Protein chains: 2
Amino acid sequence: MKKKATIVDIANKLGITPSAVSKALSGHPRISDETKLAVIAAAKALEYTPNHMAMGLRKGTSGLIGILVPAIHYSFFATAIKGAEEVLSQAGYNVIIAQSKDNAALERKQLEGLVRAQVEGIIASMAIETKDFSFYQELSFDIPLVLFDRTFEDDNVSTVIVDDFAGAVKAVDHLVEMGYSRIAHLGGYAHILPFGKRIEGYKSALAKHGLPFRKEYLFQCAPNKDEGAQATERLLQLPEPPDAIFAASDYLAFGAIKAAKKQGLHVPDDLGLVGFSNEEFSAQVSPSITSVDQFSEAMGASAAELLVRQMREGKGGKEFIAQKRILSPKLIARESSLRKVKTTLHTP
Amino acid sequence: MKKKATIVDIANKLGITPSAVSKALSGHPRISDETKLAVIAAAKALEYTPNHMAMGLRKGTSGLIGILVPAIHYSFFATAIKGAEEVLSQAGYNVIIAQSKDNAALERKQLEGLVRAQVEGIIASMAIETKDFSFYQELSFDIPLVLFDRTFEDDNVSTVIVDDFAGAVKAVDHLVEMGYSRIAHLGGYAHILPFGKRIEGYKSALAKHGLPFRKEYLFQCAPNKDEGAQATERLLQLPEPPDAIFAASDYLAFGAIKAAKKQGLHVPDDLGLVGFSNEEFSAQVSPSITSVDQFSEAMGASAAELLVRQMREGKGGKEFIAQKRILSPKLIARESSLRKVKTTLHTP
DNA sequence: TTGAAAGCGCTAACAG
DNA sequence: CTGTTAGCGCTTTCAA
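Rules of the game
Once a new chain begins, its residue numbering starts again from 1 and follows that chain's sequence as written. Key to labels: chains lettered from A, ligands numbered from 1, both in the order written. Under the rules for a predicted model, residues below a pLDDT of 70 receive no local features and side-chain atom pairs below 80 are neither given nor counted, while totals for whole chains, interfaces and linings still include all residues. As a convention, hydrogens and water are excluded, and side-chain values are obtained from all of the structure's heavy atoms. Throughout, a contact is declared for two residues whenever any of their heavy atoms are within 4.5 Å. The buried area of a pairing is the accessible area, by a 1.4 Å probe, that goes missing from both parts when the two are put together, added over both. Whenever Lys or Arg places a side-chain nitrogen within 4 Å of a carboxyl oxygen from Asp or Glu, that contact is recorded as a salt bridge. Any pair of N or O atoms that falls within 3.5 Å is considered a polar contact. Within protein, one atom must be able to donate a hydrogen and the other to accept it, and sequence-neighbouring residues count only if both atoms are side-chain atoms. Helix and strand assignments come from DSSP, with helices taken as H or I runs of at least 4 residues and strands as E runs of at least 2, each series counted from the N terminus. Only strands joined by at least two bridges in the DSSP assignment are considered to pair. Pairing of aromatic side chains requires ring centres within 6.5 Å, counting the rings of Phe and Tyr and the six-membered ring of Trp. Pairs whose planes differ by under 30 degrees are stacked, by over 60 edge-to-face, and all others tilted. When accessible area is computed with a 1.4 Å probe and restricted to protein chains, residues below 20% of their type maximum are described as buried, those above 50% as exposed, and intermediate ones as partly exposed. Two conditions define a charge sitting above a ring: the NZ of Lys or the CZ of Arg must be within 6 Å of the ring centre, and it must be within 35 degrees of the ring normal. Think of each axis as a best-fit line through the C-alpha atoms, taken over the contacting stretch in the case of a helix, with angles from 0 to 180 degrees between the N-to-C directions. We define proximity as follows: a residue is near a molecule or strand when any one of its heavy atoms falls within 4 Å of that partner. Side-chain classes follow a simple rule in which Ala, Val, Leu, Ile, Met, Phe, Trp, Tyr, Cys and Pro form the nonpolar group, Asp, Glu, Lys and Arg form the charged group, and the remainder, Gly included, forms the polar group. Residues below a pLDDT of 70 in either copy are left out; the C-alpha atoms of the rest, at least 70 in both, set the least-squares superposition of the copies. An automatic or database domain assignment supplies the residue ranges for each domain.

Draft legend 1. View of the interface of chain A and chain B. The interface is formed by 46 residues belonging to chain A together with 46 residues belonging to chain B. Taking both sides of the interface into account, the surface hidden between chain A and chain B amounts to around 4,400 Å²; carbon and sulfur atoms contribute 59%. The interface formed by chain A and chain B contains two salt bridges. Note that K101 of chain A is salt-bridged to E86 of chain B, the shortest N-O span being 3.6 Å. If you look at where chain A meets chain B, you find eight residue pairs in polar contact (both at pLDDT 80 or more). Top contributing element to the side of chain A that touches chain B by residue count: helix α5 (residues 75–90) of chain A, with seven residues. With three bridges connecting them, strand β2 (residues 94–99) of chain A and strand β2 (residues 94–99) of chain B associate as antiparallel partners. Within the sheet, the bridge partner assigned to I96 of chain A lies in β2 of chain B and is I96 of chain B.

This is the structure we're talking about:
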């Protein structure tokens, strides 16, 4: 590995000073086109690459944005990162990623790591077990921060979320329309905002349709297959089991399908199912899972745009105003809820 | 945003010099435990965070590793990144990710971006359209580089791959065992090493079983559903269509299933299918796809370990020796190849 | 055991 | 239009 050329090298080669080179390279107005050209040529000849760290140290910038998610291999997060990365790299930033593994302690450690790496802004989605938001709140004073999907209520923090309440209502509406009436909900933990909103939407939609809310029909679980299967088993053992389940994640819904099949039930004829997030596998499993699409890529891109704008405003001196972006979710109907015979049993 | 404390602040507070603070903080041996403790306490009180860029500029390190993949939302790459991120963050590095979108020009641009960000090492998987490896070769002189999965042949570059030849042989062996005899191959582009090896393994396994190689049974496509479906349609129109397909990716295999269904063929009874990579959806589609698992997470982790070791050796002065790691793939048999009636038609 | 001084590569006043 | 100078925050000889 040969040592890299610096602006000093190119200044020497040309018999001018480093500062002239610096100006030429950054297109400073008050420098002759002649030297600009010469500098650019010399830079190419010496294979000069600017040293970001030196520049960063001087200018107080790093060109780095941190993205923290629970797990990058969940397709929702992977797709959101993709969306964000494209916007950010377009805007000239490099993206550092970190995973919390849904663990509050690790989340904190990773956030500190990002800060230490001098990121200029952070995009994050909270760990499922995080209940203490103070760290995020403090962070938002020091550094531009945008939360997406897994957020909490705070007027000072910008967020991008899907309208989870509306999504839940759409899911329940759809199940009712398909003739189901005993609709259970496999929810996430209510303290995480989107899951709380989905629970609220679920309850509200039940009320709208004159259906009773039964608390034995509501489970709060971690959003994975196993908990979905376990909760479903419990639901099916009730004296009056549900005829449909609205799950707050497709992983939960998939677990529910497994459990239902194990009990010899047919989906959707015996048990209707709607998930949330529209994961890649949901269209491809059998039966395919009806799901509420939350436009993960758009969400990541939107969070990135918001962050970039926020950083620009922060630089301009004036305080930025925290923004809340709410995307409208869309129900994608698939096999798991489309039963042939619609039997409307409930009496409103 | 309050401005951050520096070692100068903490030196002033304690009435000592910055250099003493620096030494205390880095656990330098020749500094009294007394001042060490005082420094640590003061650092905490002032909420001191070290400035990575200043440190990097001084020591010539950035603590950054770049990972470049074609697309981070493909589960294979997402999982590999997860594996690598865990190893790297354990080793004290931050991870920058970049996507090439399988586009050679963008790949190059992104690699340059990583270099400019002063990454200390790069882990990459090549874009599908890249045919000119010289940029990677030059890069490997300047910076520790480990390629995984999508690699090329070069003795000076470390690589982590799965034994693609062996994987292809396992796939064909399995199909033959299930009684298929007219086995086609939907391959990737042969110039990308793993795809080339799979083609070789396919041919070799056919020969081993006394089956003829027919060039009309071999397609080279981009590894996605659409090309898989198109190629399969063409295959099924042949005067003597295949009774099984070994696809070099699960996306291709999934496209093949779609095409077969469209033609009214039953998988696996009319057409046996084996994919490659064992994507998340492969276990869950219907019929589930038999696939060759390449241990994506282990691959990412292994690449990261190799890179870390390489960087350490490079620092030690002695030249590192490029290593080739080869993981052994495993066939996971699922519905798409398990037909009930095994009919062995071919005469060896 | 600590301090003084120099410098990593770059930029931004301010002079010339 | 270009040069001079100083310094971003930190580490690292060398000297005390």
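Continuing now.
Draft legend 2. Quick peek at the packing of aromatic side chains. Enumeration according to the criterion identifies 22 aromatic pairs over all chains in this entry. With 4.4 Å between their ring centres and 0° between their planes, F133 of chain A and F152 of chain A make a pair best called stacked. Here F152 of chain A lies in the loop between β4 (145–148) and β5 (158–162) and F133 of chain A lies in the loop between β3 (121–124) and α7 (134–142), a separation of 19 residues in the sequence. When the centroid spacing of 5.1 Å and the interplanar angle of 70° are considered together, the rings of F76 of chain B and F77 of chain B count as edge-to-face. When sorted by exposure, F76 of chain B lands in the same class as F77 of chain B, which is buried. Taken together, the ring pairs connect Y74, F76, F77, F148, Y251, F254 and F281 of chain A into an aromatic cluster. Lying across the ring of F276 of chain A, R198 of chain A places its NZ or CZ 3.7 Å from the centre.

Draft legend 3. Region of interest: the sheet that holds β2 of chain A. The twelve strands lie next to each other as β11(A)-β5(A)-β4(A)-β3(A)-β1(A)-β2(A)-β2(B)-β1(B)-β3(B)-β4(B)-β5(B)-β11(B), forming an open sheet whose pairing is mixed. On the outer flanks of this sheet lie β11 (324–327) of chain A together with β11 (324–327) of chain B, each paired with one strand and no other. Within the sheet, the average angular offset between the axes of one strand and its neighbour, ignoring direction, is 20°. Looking at chain direction, strand β1 (residues 64–69) of chain B and β2 of chain B are connected through six bridges and run parallel. Bridge assignment links V69 of chain B to a residue of β2 of chain B, and that residue is Q99 of chain B.

Draft legend 4. Region of interest: the protein's contact with DNA strand C. Neighbouring residues of DNA strand C: 23 residues in total, closest I7, Y48 and R58 of chain A together with K23 and R58 of chain B. Counting only the atoms of DNA strand C within 4 Å of the protein, the fraction contributed by sugar and phosphate is 59%. One nitrogen or oxygen atom from the side chain of S22 of chain A is found 2.8 Å from a phosphate oxygen belonging to DNA strand C. Where the surface near DNA strand C is concerned, the elements lending two or more residues are α2 (18–25) and α4 (52–59) of chain A together with α2 (18–25) and α4 (52–59) of chain B. Of the residues forming the surface near DNA strand C, the biggest block, four residues, is contributed by α4 of chain A. When its residues are assigned to classes, the surface near DNA strand C shows nine nonpolar, eight polar and six charged.

Draft legend 5. Quick look at the protein's contact with DNA strand D. Contacts to DNA strand D come from 23 residues, most closely from K23, R30 and R58 of chain A together with I7 and R58 of chain B. In this structure, T17 of chain A approaches DNA strand D through a main-chain N or O atom, which is 3.2 Å from a phosphate oxygen. Within the side chain of S22 of chain B, a nitrogen or oxygen atom sits 2.9 Å from a phosphate oxygen of DNA strand D. Mapped onto the surface near DNA strand D, the elements with two or more residues apiece are α2 and α4 of chain A together with α2 and α4 of chain B.

Draft legend 6. Representation of the sheet that holds strand β7 (residues 218–220) of chain A in the model. Residue and element names in this part refer to chain A. The sheet built from six strands is open, its strands ordered β7-β6-β8-β9-β10-β12 with mixed pairing. Each edge of the open sheet carries a strand with a single partner, namely β7 and β12 (330–332). For this sheet, the mean inter-axis angle between neighbouring strands, taken without regard to orientation, is 15°. Across four bridges, the pairing between strand β9 (residues 272–277) and strand β10 (residues 290–293) is parallel. Bridged to V274 within β10 is T290. Along the sheet, helix α8 (residues 164–177) makes contact with β6 (183–187), β8 (244–247), β9, β10 and β12, crossing β9 at roughly 160°. Set on the sheet, helix α9 (residues 193–208) makes contact with β6, β7, β8 and β9; between it and β6 the angle comes to about 170°.

Draft legend 7. Fine view of the relation of the copies chain A and chain B. Aligned on chain B, chain A shows an RMSD of 0.2 Å; the corresponding rotation is 180° and the shift along the axis is 0.0 Å. Such a combination of rotation and displacement between the chain copies is what one expects of a two-fold axis. Mapped onto chain B, 100% of the interface residues of chain A are again interface residues, and the two copies thus contact each other with one and the same surface.

Draft legend 8. Layout of the side chain of E120 of chain B. Residues and elements named next belong to chain B. Structurally, E120 can be placed in the loop between α6 (104–116) and β3 (121–124). Exposure remark for E120: the relative accessible area of 14% places this residue in the buried category. Here S62 takes part through its backbone nitrogen, which lies 2.8 Å from a polar atom of the side chain of E120. Polar side-chain contacts of E120 include one of 2.5 Å to the backbone nitrogen of G63.

Draft legend 9. Expanded view of the side chain of S158 of chain B. Residue and element names in this part refer to chain B. For S158, the position within the fold is in strand β5 (residues 158–162). Here the side chain of S158 touches Q323 through a polar contact of 2.9 Å, landing on its backbone nitrogen. When sequence neighbours within four positions are dropped, the list of residues in contact with S158 reads L145, V146, L147, L306, Q310, F320, I321, A322 and Q323.

Draft legend 10. Spatial organisation of the domain arrangement of chain A. On domain assignment, one finds that chain A holds domain 1 (7–50), domain 2 (60–161 + 295–326) and domain 3 (164–294). Between the C-alpha centres of domain 1 of chain A and domain 3 of chain A the distance comes to 63 Å.

Draft legend 11. Quick peek at the environment of L306 of chain B. With respect to the secondary-structure elements, L306 of chain B resides in helix α12 (residues 296–315). In this structure, the C-alpha to C-alpha distance between L306 of chain B and A322 of chain B, residues 16 residues apart in sequence, is 9.4 Å.

Draft legend 12. Spotlight on unusual backbone geometry. Residues and elements named next belong to chain A. The linkage connecting V267 with the following residue, P268, adopts the cis geometry, with an omega of 15°. Tracing the chain through its elements places P268 in the loop between α11 (250–262) and β9. In this structure, F295 is a non-glycine residue whose phi angle is positive, near 50°. Following the sequence through the fold, F295 ends up in the loop between β10 and α12 (296–315). Residue class for F295 comes out partly exposed when judged on its relative accessible area of 32%.

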